[in-house]
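Results of the structural survey
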Amino acid sequence: AAVVVSYGLGTGFDRAARAASLPDIIVRFNNKSASDVASRIRGLPDVARFSLRYELTGVGAGFHGHHLEDAVAEVLNPGRAQGYAVVAGHDLGDRGASVMLERAFADAWGVRLGDTFYVEGLGPQRVVGFVEAPDNVGYPLANPRFYLSRPAIDARFGVDRNPQVNYAEIWLRNPSLVNEVLVQARATSFGLHSISFATRSGVHILLDQAAGIVIDLLVALSVIALVTAGVMLAASARAEVQRRLGSIGVRRAVGETRGLVTMAVGLEGLLVALPAATVGVVAGVAATYGSASRLLELLNEPAPGGALLLPLLGAWAVAVLVPAAGAAW
C-alpha cells in the first residue's frame with residue numbers, strides 16, 4: 001500500500017508530462033492574429049515547433065441535467081497540437097461537430113464516448129475523446145475544460161483566414177536553454193498585453209502548490225509506514241527465535257552446528273514470509289490502487305500501470321527477506 005501511494009503520486013507529473021508532450025514554454029496573451037504570433041515565435045532561437053490555440057473562459061456547457069457557465073473551451077488550430085494526452089477515444093478531426101473532454105470532467109458528469117455534449121453558441125457536439133492535460137489540475141479542483149477544432153468551427157461559421165489566438169505552446173530543441181529563450185521572448189513581446197509565461201518546471205511548481213502538500217503528506221506517511229512495517233517484521237522474527245531458544249539449545253547439544261541451526265531458522269522464516277508477503281502485496285494493491293488512481297485523475301495525471309510492477313516486486317522481496325534475515329541474524 002505504501003509503495004502504491006508513494007510511487008504513484010510521487011511520479012505522476014513526470015508520467016503525465018511525457019504522455020502529453022508538455023511544452024517547454026506556455027504563453028498566454030491578449031487576442032492577436034495567428035500570423036502575427038507565429039512570426040514572433042519563428043524569430044525566437046532554438047524553437048523546434050510550436051502550436052497556437054484560442055482559449056475561451058466562461059463558456060456555458062451542459063449534459064443530461066448538468067449545466068455550468070464557467071467552463072474553458074480550447075479551440076485548437078490545425079497542425080500538430082499537443083500539450084495533452086488522449087486517454088480514450090481519438091483526437092479531434094477537421095470536420096463534424098465533435099469535442100474532447102477533460103477526463104476528470106467527463107467522469108464527474110458521467111459522460112461517455114459518443115454522447116452528445118452541449119456547448120453554448122455551438123449547440124450539440126459529439127464526444128470523441130477524453131484527454132489529460134498536466135498544465136493544470138482537473139475538475140472540480142479547477143474549471144472544467146473541453147477541446148474543439150478550428151476547422152470544425154470554420155466549417156459551421158465560415159473560414160477565418162487569420163483567426164485570433166491567445167495561447168501558444170513552444171517546444172525547444174534544447175530545453176536547457178529555456179531561460180535564454182524566455183529573455184528573447186520578453187524582448188519580442190511588444191504589442192502583446194496581459195502576457196504570462198510558464199515553463200514546464202514552473203507548471204510543476206504550481207501544481208505542487210495546489211496539491212503538493214497533500215501528496216507529500218501521503219508519500220511521507222507511506223514511507224513511515226513502510227519503515228515501521230520492516231522494523232516490526234524484524235522484531236517479530238527475533239522474538240520468535242528468542243521464544244525457541246530452548247529447542248535450539250537442545251539441537252546444539254546433540255551436535256548441530258551454528259551454521260546449520262541458522263540456516264534452518266532462516267529457511268523456516270522464508271517459508272512463512274513467501275505466502276504472507278504475496279498476500280500482503282496483493283491486498284495492499286487492491287486496497288489502494290483504485291483510490292490513488294482517482295486522485296491522480298483529479299490532477300490530470302495517469303495511473304502508473306505496469307510501471308508499478310518493479311517497485312512492487314522490490315517491496316515483495318523486502319517483505320520476504322526482512323523476516324528471514326532477521327530470524328537468521
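Just above sits the structure.
Residues numbered from 1 in each chain as written. Predicted model: local features only at pLDDT ≥ 70, side-chain atom pairs only at ≥ 80, totals over all residues. Heavy atoms only, no water.

Thoughts on the pattern of salt bridges
A complete count under the given rule lists 9 salt bridges for this structure. For Arg-40, the salt bridge goes to Asp-36, with nearest N and O atoms at 3.2 Å. Remark: Asp-36 and Arg-40 occur in helix H3 (residues 34–42); sequence separation between them is 4 residues, near one turn of the helix. Of the charged contacts, one joins Glu-169 and Arg-53 as a salt bridge, the two residues approaching to 3.2 Å between their closest N and O atoms. In this pair, Glu-169 is assigned in strand E9 (residues 164–172) and Arg-53 in strand E2 (residues 47–63), connecting sequence segments 116 residues apart. Note on Glu-169: relative accessible area 2%, which makes it buried. Arg-53 gets classed as buried once you look at its relative accessible area, which sits at 3%. Salt bridges sharing partners connect three or more residues here, namely Arg-53, Glu-74 and Glu-169. (Salt bridge = Lys/Arg side-chain N within 4 Å of Asp/Glu carboxyl O. Helix = DSSP H or I, 4+ residues; strand = E, 2+ residues; numbered from the N terminus. Buried < 20%, exposed > 50% of the residue type's maximum accessible area, 1.4 Å probe, protein only.)

Brief notes about the pairing of E9
Taking burial as the measure, the 9 residues of E9 include 8 buried ones, the bulk of the element. Relative to E9, strand E1 (residues 25–33) runs antiparallel, the two being bridged by 6 bridges. Residue pairing for E9: Val-27 is matched across the bridge by Ala-168. (Pairing = 2+ DSSP bridges.)

Regarding helix H6 (residues 178–187)
For H6, every residue scored as buried is listed here: Val-178, Val-181, Leu-182 and Ala-185. Across the axial projection of H6, the buried residues extend over an arc of 105°, all falling on one side. Exposed residues lying more than 90 degrees from the buried face of H6 are Asn-179, Val-183 and Ala-187. Buried residues along H6 sit in contact with E1, E9 and strand E10 (196–199). (Arc of directions from axis to C-beta. Contact = heavy atoms within 4.5 Å.)

Quick word on a nonpolar patch on the surface
A grouping of Leu-217, Leu-221 and Ile-224 is seen on the molecular surface, where their side chains present a nonpolar patch of about 300 Å² in accessible area. Here Ile-224 is to be found in helix H7 (residues 200–243). (Patch = residues over 30% accessible without salt bridge, like charges linked within 9 Å, V, L, I, M, F, W, Y side chains within 5 Å. Areas by Shrake-Rupley, 256 points an atom, 1.4 Å probe, with all protein chains shown as cover.)

Shape descriptors only; they carry no functional weight alone.
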